[in-house]
Amino acid sequence: MTTKWTLDPTHSEITFKVRHMMISNVKGAFTSFDAELEAEDDTFKNVKVQATIKTDSVNTNNADRDTHLKSEDFFNAAANPEIHFESDSLNNEITGNLTINGVTKPVKLEVDFGGTNVDPWGNTKAGFSFEGKINRKDFNLNWNTTLEAGGVMVSDEVKIAGELQFVKA
């Protein structure tokens, strides 16, 4: 018998950080996403994970940059409206398949299980933090430009992180 856990979006976030012009990091987030866990027990050792992120919800606090990220140069949000992640293994890390821009690749993310607790309204909640790195070119996110002084505009490495809270169904 498995238990379903649904995402509590008001207490969850998915963020990313990428090196810009080789001198600083630009941070962003996705504001529309959903996830579901199916677990045998509250230890989450045997769990199935399904997550979906809306690509057009990317937000870097710069409208022009967000429009560029949604374009064919990056996410191609019109043709690929969602990013998908699925896994059936969770411990101190989660390994699963990530699909971005129509390309599916295995990824490994470090996970910190914060535990479970009951909120004031009687709902059992579980919290997880995750972080990892991907190479954006693995997912055909290839746009870049060479800088006059050397280097490139956008690094290949993208750091991803999240804080996710789930509600026991």
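Because the structure is predicted, anything quoted here is derived from the model rather than measured.

Describing the overall build of the chain
- A tally of helices and strands in the chain yields 1 helix and 11 strands.
- Along the first, second and third principal axes, the C-alpha set of the chain runs to 60 × 30 × 30 Å.
- In the chain, which comprises 169 residues, the proportion classed as buried is 37%.
- In the chain, the share of contacts with a sequence separation of at least 24, taken over all contacts with a separation of at least 6, comes to 56%.
- Of the roughly 9800 Å² of accessible surface on the chain, 47% is carried by carbon and sulfur atoms.
- Charge separation in the chain, taken as the distance between the mean sites of 17 positive and 26 negative side-chain charges, equals 4 Å.

Section: the confidence of the model for the chain
- Of all residues in the chain, 100% have pLDDT values of 70 or greater, and the mean over the chain is 92.
- Mean pLDDT per element in the chain: strand S7 (residues 82–90) is the minimum at 91, and strand S6 (residues 58–59) is the maximum at 97.

What about the pairing of S7?
- Of the strand pairs in this sheet, strand S5 (residues 47–54) and S7 are connected by 6 bridges, and their pairing is antiparallel. In the strand pairing of S7, Lys-54 is matched with Glu-82.
- Where S7 meets strand S8 (residues 93–100), 5 bridges bridge the pair, whose relative direction is antiparallel. The residue bridging Ser-87 from the neighbouring strand is Gly-96, located in S8.
- Between S7 and S8, which pair antiparallel and follow one another directly, the connecting turn spans 2 residues.

Things to note about the pairing of strand S11 (residues 154–168)
- Here strand S1 (residues 3–7) pairs with S11 via 3 bridges, running antiparallel. Each residue of the ladder has a partner; that of Trp-5, found in S11, is Lys-168.
- Sheet topology places strand S10 (residues 124–135) next to S11; 11 bridges connect them, and they run antiparallel. When the bridges of S11 are listed, Ala-126 appears paired with Phe-166.

Observations regarding the pattern of salt bridges
- Across all of its chains, the model carries 9 salt bridges by this definition.
- Salt-bridge contacts for Lys-54 lead to Glu-82; the nearest nitrogen and oxygen are separated by 2.7 Å. Of the two residues, Lys-54 sits in strand S5 while Glu-82 sits in strand S7, which places them 28 residues apart along the sequence.
- With a relative accessible area of 26%, Glu-82 lands in the partly exposed category.
- For Asp-119, the salt bridge is made with Lys-125, and the minimal N-O distance between the two is 3.8 Å. By the burial criterion, Asp-119 is buried, and Lys-125 matches it.

The rules we used
Residues numbered from 1 in each chain as written. Predicted model: local features only at pLDDT ≥ 70, side-chain atom pairs only at ≥ 80, totals over all residues. Heavy atoms only, no water. Helix = DSSP H or I, 4+ residues; strand = E, 2+ residues; numbered from the N terminus. Buried < 20%, exposed > 50% of the residue type's maximum accessible area, 1.4 Å probe, protein only. Contact = heavy atoms within 4.5 Å. Areas by Shrake-Rupley, 256 points an atom, 1.4 Å probe, with all protein chains shown as cover. Lys, Arg positive; Asp, Glu negative; His and termini not counted. Charge placed at Lys NZ, Arg CZ, Asp CG, Glu CD. pLDDT = per-residue confidence, 0-100. Pairing = 2+ DSSP bridges. Salt bridge = Lys/Arg side-chain N within 4 Å of Asp/Glu carboxyl O.

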